[in-house]
Amino acid sequence: MLRALLPLLLAIMPVAIMTGPDLPSTIYYLILAASLGLLVQHRFAGAGELTRQYRWVITAMGAPLAVVLLAAPFHGFVASADLETALRFFL
């Protein structure tokens, strides 16, 4: 079921982005949950090799999230919109 649900959610996402501000966030988290569910269902088969193969890309995509998390103590607060934007970029 997750295998069929994930492409459907990915196909709906562009339409959701154009329709309103709240729906894309919900669909994004559903995509995230479905992706994690597929990884667990297949017992993370091949995930280690992909991680090793794309480690520089993962590091580069995670840099904005790291900067937001490291800058938060200096500013004294964490803006949830900034954190969510960096997290979306990373994921």
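Computed from a predicted model, the values in this text were never measured in an experiment.

The rules behind each value
- Residues numbered from 1 in each chain as written.
- Predicted model: local features only at pLDDT ≥ 70, side-chain atom pairs only at ≥ 80, totals over all residues.
- Heavy atoms only, no water.
- Helix = DSSP H or I, 4+ residues; strand = E, 2+ residues; numbered from the N terminus.
- Expected span 1.5 Å × (residues − 1).
- Bend = angle between axes of the 7 residues up to and from the residue.
- Buried < 20%, exposed > 50% of the residue type's maximum accessible area, 1.4 Å probe, protein only.
- Salt bridge = Lys/Arg side-chain N within 4 Å of Asp/Glu carboxyl O.

A.B. asks: Got a minute to help me understand helix H4 (residues 55-75) in this structure?
C.D. replies: Side chains three or four residues apart in an α-helix point the same way, a direct result of the helix having 3.6 residues per turn. In this model, H4 (21 residues) spans 30 Å end to end at C-alpha, consistent with the 30 Å of a helix rising 1.5 Å per residue. Ala 63 marks where H4 bends most, by close to 35°; the proline Pro 64 follows one to four residues later. Taken as a whole, H4 has its buried residues at Gly 62, Leu 65 and Ala 72. Residue Gly 76 follows H4 closely and has a positive phi angle near 90°.

A.B. asks: Just checking my understanding: could you explain the pattern of salt bridges for this structure?
C.D. replies: Side chains that differ in sign of charge can pair as their charged atoms come close. The tally for this structure, following the rule as stated, stands at 1 salt bridge. The salt bridge partner of Glu 49 is Arg 52, with a shortest N-O separation of 3.5 Å. One end of the pair, Glu 49, and the other, Arg 52, are both in helix H3 (residues 47-53), 3 residues apart, so they sit about a helical turn from each other.

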